Amino acid sequence: LQTLEDLRSYVEQHSVMPGSGGTAEEERLNRWASNNTKGDPDTKSAKMRERHLAIEDIRTMSVARGTAKVYGQLAAAEKFCAENGFRPGTAASLPEEERTLADWLNRRFNTGPSSMPDDLSRRRLQSLAALPSRSDMQWNRNLQALRDDLDAGTPLPTSWSQEHFTWLSVQRRDHRAGIMPQWKVQALSQVPGIITERRRAA
């Protein structure tokens, strides 16, 4: 039966059963599946019983729509990170699609792995959490730019008119105030001259 194969193809592609309120094709498949699985299959003719059980078998291949949405968001986040090397950001100047993805990820990070539907999705979320944020990646790029300047024989900037001086000043300020994460302190300490003052006791 062609409609049965159409239903199977839809679930294989989308991981969910077609629902109401979707496209005309989804509405068609949803009505057909609902109409053919009403009642007890054991009371139906052999042909109708076979069709009923085949649809139920296809249903077992699907996941709840909420779970499918989580899988979709995870895949989108993984694709973004693979293409960019960092997690999506939330700055207002960034594209809305990136900010929406970042908001979803941050909510999942805050609620923890238990908010995910299964072990595999929990491991995927933890892998994303281990990646640098957009701001951390930019921080590393700024540090690398200073390293490159030093390697080229250019001294660290000493005035506001020089490139990277603003960033360097902010790092020294945060270090003096004792509010800098330890991983940043360690990274800055590897570049002679960046940290020039004692850190204030926290």
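Remember, it's a predicted structure, so these values are computed and weren't measured experimentally.

Enquirer: Even after reading the chapter, I still don't get the overall build of the protein chain, so can you show me in this structure?
Expert: If you tally the helices and strands in the protein chain, you get 9 helices and 0 strands. The secondary structure elements of the protein chain, listed N-terminal to C-terminal, are α-α-α-α-α-α-α-α-α. Computed over C-alpha atoms, the radius of gyration of the protein chain comes to 27 Å, more than 25% over the 17 Å expected from 2.2 N^0.38 for 202 residues, which places it beyond the range of a compact globule. Across its three principal directions, the C-alpha atoms of the protein chain cover 85 × 30 × 25 Å. A total of 202 residues make up the protein chain; the buried ones form 35% of that total. Here the contacts in the protein chain between residues at least 6 apart in sequence split such that 47% fall between residues at least 24 apart.

Enquirer: What's the story with helix 8 (residues 165-177) in this structure? I'm lost.
Expert: Helical geometry: 3.6 residues make up each α-helical turn, so side chains three or four residues apart lie on a common side. Between its first and last C-alpha, helix 8 extends 18 Å over 13 residues, near the 18 Å set by a 1.5 Å rise per residue. Of the positions making up helix 8, those classed as buried are F165, W167, L168, S169, Q171, D174 and H175.

Enquirer: Looking at this structure, I do not really get the packing of aromatic side chains. What am I missing?
Expert: Any aromatic ring pair is given by two values, namely how distant the centres are and how the planes are angled relative to each other. For the coordinates displayed, the defined rule picks out 4 aromatic pairs. Seen from their ring centres, F80 and F86 are 6.0 Å apart, and the 75° between their planes marks the pair as edge-to-face. Note on W160 and F165: the rings are 4.8 Å apart at their centroids and 85° apart in plane angle, and the pair reads as edge-to-face. Judged by relative accessible area, W160 falls into the exposed class, the value being 62%. Looking at F165, the relative accessible area reads 11%, which means it is buried. Each member of the aromatic cluster is reached from another via a ring pair, and the members are W139, W167 and W183.

Procedures and definitions
Residues numbered from 1 in each chain as written. Predicted model: local features only at pLDDT ≥ 70, side-chain atom pairs only at ≥ 80, totals over all residues. Heavy atoms only, no water. Helix = DSSP H or I, 4+ residues; strand = E, 2+ residues; numbered from the N terminus. Rg over C-alpha atoms; globule rule 2.2 N^0.38 Å. Buried < 20%, exposed > 50% of the residue type's maximum accessible area, 1.4 Å probe, protein only. Contact = heavy atoms within 4.5 Å. Expected span 1.5 Å × (residues − 1). Phe/Tyr/Trp six-rings, centres within 6.5 Å; stacked < 30°, edge-to-face > 60°.

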